[in-house]
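Each chain, written out:
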Amino acid sequence: MDERTRYFRRLKRLRGSARRWSVLGGGLTAAAAVLTPYAGIGLADAAWAASAGVSVALAWWRWSDHRELAALPAPPAPEPAIPGQRLVAAVERFPAGRQVLQEVRRQKNRYALRGSAVALAWDRLDRASATLVGLAGRLTGAGEAAMLEAAVAEQWLRDLGQRVASVERAIPLSPPDQRPGIEHAHESLASQFTDGVTAYERLVAAAASYVAEEGHPATDQHPALTGLIEATDRLRGVAEGLSELRRPSTPAA
């Protein structure tokens, strides 16, 4: 729900609430004014009068809130979304749907680079990026700063890969006198992209080493593994002891 819709919905609720309390307050006030003179002010009449006063006060507050909200400018209307964008937004609300859309976008970008000189390097970038995503939750301290650098580098590499593919598709269409210059620029961009992917893979390898060393215990055996082995031995000992107790004793000859 956008801000403009939320604004008018809240304005409508305040107006409806103010009207209801106004009607209730008016009815209770009239009832108190009619019934009180007949028997004087008793306990029931005091309840009527108190209810009428509370209803009138609530009605006044609701109308005051409504006037304050109505005095504010309404938020601008959002840009009209095409049905496909609405469907994508609805699917992205769920983790599984978000993963499916990411895979679809990845395949779409990979299809745009089919037959390109950087297609294989692009696949390497995809594999390295997926590996880094798996390590991201365990990168702390200096690893978090490296993740930010990796995100910026990946965005640059993907933009560069798309640019290389676009230039490569334009080579057959270029005039013969301009083709050598475009081919040279294409080779330079492709080399830069390949070198960038190699550097990105080295960063992922360094991140994997960081995660491995951080999780490696100072001793040869992790305390959790030691505790697991000791618990297994204790349970096995208890089981063997219970087995001995339940085994019938052999009568003496």
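All values reported here derive from a predicted model rather than from experimental measurement.

Within the protein chain one finds 8 helices and 0 strands. Starting at the N terminus and walking to the C terminus, you meet the elements of the protein chain as α-α-α-α-α-α-α-α. The burial tally for the protein chain puts 21% of its 253 residues in the buried class. Put simply, of all contacts in the protein chain between residues at least 6 apart along the chain, 73% involve residues at least 24 apart. Surface exposure of the protein chain reaches about 18100 Å², of which carbon and sulfur atoms provide 62%.

For the rest of this paragraph, the subject is the pattern of salt bridges. A full pass over the atoms with the stated rule returns 4 salt bridges. Here Glu201 and Arg124 are joined by a salt bridge, their closest N and O atoms 2.9 Å apart. On the criterion of sequence distance, the pair formed by Glu201 in helix 7 (residues 179-215) and Arg124 in helix 5 (residues 119-136) is long-range, its members being 77 residues apart. Notably, a salt bridge pairs Glu154 with Arg158, separated by 3.1 Å at the nearest N-O pair.

This next bit is on the packing of aromatic side chains. In this structure the tally under the stated criterion is 1 aromatic pair. When the ring of Trp122 is compared with that of Phe193, the centres are 6.3 Å apart and the planes differ by 15°; the resulting orientation is stacked. Of this pair, Trp122 sits in helix 5 while Phe193 sits in helix 7; the two residues are 71 residues apart in sequence, bridging distant segments of the chain. For the pair Trp122 and Phe193, a shared accessibility class is recorded, and that class is buried. A cation sits over an aromatic face here: Arg158 above Trp122, 5.1 Å from the ring centre.

So, on to the environment of Ala150. Position of Ala150 among the secondary structure elements: in helix 6 (residues 142-170). Distance in space between the C-alpha atoms of Ala150 and Val204 is 8.6 Å, their sequence separation being 54 residues. Setting aside residues no more than four positions away along its own chain, Ala150 makes contact with Leu132, Tyr200 and Leu203.

Another aspect to go through is the environment of Ser116. Tracing the sequence through the fold places Ser116 in the loop between helix 4 (95-112) and helix 5. If we skip the residues at most four places from it in the chain, Ser116 touches Ala165 and Glu168.

So, on to helix 5. End to end, helix 5 covers 26 Å across 18 residues, agreeing with the expected 26 Å (1.5 Å per residue, within 8%). Within helix 5, burial applies to Ala119, Ala121, Trp122, Asp123, Leu125, Asp126, Ala128, Ser129, Leu132 and Leu135.

Further remarks concern helix 6. Taking 1.5 Å per residue as the helical rise, helix 6 with its 29 residues ought to reach 42 Å, and the 42 Å between its terminal C-alpha atoms agrees with that figure. Where helix 6 is concerned, the buried positions are Gly143, Ala150, Glu154, Leu157, Arg158, Leu160, Gly161, Val164 and Ala165.

On the surface, Arg9, Arg10, Lys12 and Arg13 cluster together into a patch of positive charge. Position of Lys12 among the secondary structure elements: in helix 1 (residues 3-39).

On to the packing of helix 5 against helix 6, then. Taken N-terminus to C-terminus, the directions of helix 5 and helix 6 make an angle of 160°; their axes are 12 Å apart at the nearest point. Compared by their axis directions, helix 5 and helix 6 come out roughly antiparallel. The chirality of how helix 5 crosses helix 6 is left-handed. Residues Trp122, Leu125, Asp126, Ser129, Leu132 and Ala136 of helix 5 pack against Met147, Ala150, Glu154, Leu157, Arg158, Gly161 and Gln162 of helix 6. Of the residues that constitute the contact of helix 5 with helix 6, the class distribution is 7 nonpolar, 3 polar and 3 charged.

Here we come to the nonpolar core. The biggest cluster of nonpolar side chains holds 22 residues, and the ones touching the most others in it are Val118, Leu125, Leu132, Val164, Phe193 and Tyr200. Listing elements by their share of this core, those giving two or more residues are helix 5, helix 6 and helix 7. A total of 8 residues in this core trace back to one element, the largest contributor, which is helix 7. Not counting residues within four places of it along the chain, the set of residues in contact with Leu125 comprises Leu157, Arg158, Phe193, Val197 and Tyr200.

With that settled, the discussion passes to the side chain of Asp126. By the secondary structure assignment, Asp126 is in helix 5. A relative accessible area of 8% means that Asp126 is categorised as buried. Within the structure, the side chain of Asp126 is placed 2.9 Å from the side chain of Arg158, a separation counted as a polar contact.

Parameters at a glance
Residues numbered from 1 in each chain as written. Predicted model: local features only at pLDDT ≥ 70, side-chain atom pairs only at ≥ 80, totals over all residues. Heavy atoms only, no water. Helix = DSSP H or I, 4+ residues; strand = E, 2+ residues; numbered from the N terminus. Buried < 20%, exposed > 50% of the residue type's maximum accessible area, 1.4 Å probe, protein only. Contact = heavy atoms within 4.5 Å. Areas by Shrake-Rupley, 256 points an atom, 1.4 Å probe, with all protein chains shown as cover. Salt bridge = Lys/Arg side-chain N within 4 Å of Asp/Glu carboxyl O. Phe/Tyr/Trp six-rings, centres within 6.5 Å; stacked < 30°, edge-to-face > 60°. Lys NZ or Arg CZ within 6 Å of the ring centre and 35° of its normal. Expected span 1.5 Å × (residues − 1). Patch = residues over 30% accessible without salt bridge, like charges linked within 9 Å, V, L, I, M, F, W, Y side chains within 5 Å. Lys, Arg positive; Asp, Glu negative; His and termini not counted. Charge placed at Lys NZ, Arg CZ, Asp CG, Glu CD. Axes fitted to C-alpha atoms, helices over the stretch in contact; angles between N-to-C directions. Parallel < 35°, antiparallel > 145°, perpendicular 65-115°, else oblique. Left-handed = near helix turned anticlockwise from the far one by under 90°. Nonpolar A, V, L, I, M, F, W, Y, C, P; charged D, E, K, R; others polar. Core = buried A, V, L, I, M, F, W, Y, C linked by side-chain atoms within 4.5 Å. Polar contact = N/O pair within 3.5 Å; in protein donor to acceptor, adjacent residues only side chain to side chain.

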